[in-house]
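# An overview of the molecular structure
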Amino acid sequence: MNYRKMGVYALLGILVACGILMILRDYVIDRSNPNAELTDLSAVYTASDEIAAATQRLADGVKPAEVLTRLQDNSARVGIVLDGLPERALAERLLDVLQKHNASAVFFVEGQNAAEQPETIQRISNTGYEIGNYTFVGISGAENLQTDRLLSELCRTQKVVATLSPKAPTLFRAPRTNYTEPLLQALTAAELGYAVKENVRHQAGTFRDEADATAFASAVPNGSIVAIMLTKPVEPLPKDTGKTDERPAVDKKPNIEDPPAVRNTPPPPDPADELDWMLTVFESRGIKVVDIHDFRKIRYIPAVPAAPAIPSAKTGR
């Protein structure tokens, strides 16, 4: 074989290799990009039929969902809910801690995050822990959403979790949300039977050390529901325009003037370590972490402001 033919074959080989790389880029790498736009992802989980069915049930009239809330018998029991789906590595550590202490917990997950992390959802489910509905994007103030947006948040999350695990959630939570009558009726329409109302809240990663966790857990009253917030809430847009991609925009323009910051402070504690510390304190107090379904189920009536006094007809006061 002369050198000319060898050169032709080498060139053909290079062209074939380049073609394969382009195919991998366009059909494998890009499609597996975890930073894909939410609009592309949500097209798979539109839940149109489920939303239509929930809308019809709501129009026909439904009872409000019940609320799971703290115990009042001063028994040595607490419940734990984890708000927001963490990354797979953290989820694994949290599961290890829960199993180490034989503790029950419910993972409330955003539908968007669940769709992007199917293996994490399956891992939680396979380990025997319950999964709850935390709306599609973890939106705060869910009671203020327009009805169509609220049902979309609920039903899309229901469909994602039901697709990735043995069943759809029956429990609901949302950050900084008041349980109003319309919201609880929407939960029933979306086939969510209960909303969970915590009385103790902890933002993960805020303990400075084990002593902070010990002080916190030692002050938790018996019968409490403790919510551990793993992700940051999403704030709704003004007037709730219905936009579903609430993730903040990232400024990608480089800034060459600012020198890199020098960080002398230690990193925040791992949320799994914080949970481990808390559970250790509960055990030392003889408190058992039990299934959230063991807590009180009530027909929740939100508090309303007292009516102003009516002036007396005689005194004019």
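The following paragraphs examine the structure supplied in this document. If you're wondering where the values come from, they're calculated on a predicted model, not measured in any experiment.

## Some words on the pairing of strand β2 (residues 77-83)
Of all the seven residues making up β2, six are buried; the element is thus mostly covered by neighbouring parts of the structure. Bridge count between β2 and strand β3 (residues 106-109): three bridges; the pairing is parallel. From the neighbouring strand, L82 faces β3, where its bridge partner is F107. Each parallel crossover has a hand, and for β2 linked through helix α4 (residues 88-100) to β3 it is right-handed.

## Details of the packing of aromatic side chains
Under the definition given, this model contains three aromatic pairs. Their ring planes at 55° and their centres at 6.4 Å tell us that F172 and Y179 sit as a pair that is tilted. For F172, a relative accessible area of 0% translates into the label buried. Y179 sits in the buried class, given a relative accessible area of 5%. Ring geometry for F207 and F216: centres 5.5 Å apart, planes at 55°, overall tilted. Residue classification places F207 among the buried residues on the basis of a relative accessible area of 7%. The ring of F136 carries the charged tip of R156 above its face, separated from the ring centre by 3.8 Å. The ring of Y194 is capped by K297, whose NZ or CZ atom sits 5.7 Å from the centre of that ring.

## Considering the packing of helix α3 (residues 48-60) against helix α8 (residues 181-189)
Close contact between α3 and α8 brings their axes to 8 Å; oriented N to C, the two are set at 125°. Relative to α8, the element α3 lies oblique. In this structure, α3 crosses over α8, and the sense of that crossing is right-handed. Touching A54, R57 and L58 of α3 are Q185, A186 and A189, all from α8. Partitioned by chemical class, the residues of the contact of α3 with α8 number four nonpolar, one polar and one charged.

## Quick look at helix α9 (residues 210-218)
Because each turn of an α-helix spans 3.6 residues, side chains separated by three or four positions in sequence point in the same direction. Among the residues of α9, those classed as buried are D212, A213 and A217. Viewed end-on, α9 has its buried residues packed into an arc of 125°, placing them on one side of the element. Exposed and oriented more than 90 degrees from the buried face of α9 are A211 and A215. Check the buried side of α9 and you find it contacts α10 (271-284). Capping of α9 at its N-terminal end is provided by D209; its side-chain oxygen lies 3.1 Å from the backbone amide nitrogen of A211.

## Re the packing of α9 against α10
Describing two packed helices takes the angle between their axes plus the distance from one axis to the other. Interaxial distance between α9 and α10 falls to 9 Å at its minimum, and their mutual angle equals 45°. Taken together, α9 and α10 sit at an angle that is classed as oblique. Taken as a pair, α9 and α10 cross one another with a handedness that is right-handed. Here E210, A213, T214, F216, A217 and S218 of α9 lie close against α10, whose contacting residues are W277, M278, V281 and F282. Partitioning the contact of α9 with α10 into residue classes produces seven nonpolar, two polar and one charged.

## Structural notes on the environment of Y300
Here Y300 lies in the segment after β10 (296-298). Spatially, the C-alpha atom of Y300 lies 6.0 Å from that of V67, the residues being 233 residues apart in sequence.

## Overview of the environment of E66
Its place among the elements puts E66 in strand β1 (residues 66-69). Expressed as a C-alpha distance, the spacing of E66 and G193, which sit 127 residues apart in the sequence, is 6.6 Å. In this structure, E66 is in contact with G193, Y194, A195, K297 and I298, ignoring residues within four places of it in sequence.

Criteria and thresholds
- Residues numbered from 1 in each chain as written.
- Predicted model: local features only at pLDDT ≥ 70, side-chain atom pairs only at ≥ 80, totals over all residues.
- Heavy atoms only, no water.
- Buried < 20%, exposed > 50% of the residue type's maximum accessible area, 1.4 Å probe, protein only.
- Helix = DSSP H or I, 4+ residues; strand = E, 2+ residues; numbered from the N terminus.
- Pairing = 2+ DSSP bridges.
- Right-handed = clockwise from strand over helix to strand, strands pointing away.
- Phe/Tyr/Trp six-rings, centres within 6.5 Å; stacked < 30°, edge-to-face > 60°.
- Lys NZ or Arg CZ within 6 Å of the ring centre and 35° of its normal.
- Axes fitted to C-alpha atoms, helices over the stretch in contact; angles between N-to-C directions.
- Parallel < 35°, antiparallel > 145°, perpendicular 65-115°, else oblique.
- Left-handed = near helix turned anticlockwise from the far one by under 90°.
- Contact = heavy atoms within 4.5 Å.
- Nonpolar A, V, L, I, M, F, W, Y, C, P; charged D, E, K, R; others polar.
- Arc of directions from axis to C-beta.
- Polar contact = N/O pair within 3.5 Å; in protein donor to acceptor, adjacent residues only side chain to side chain.

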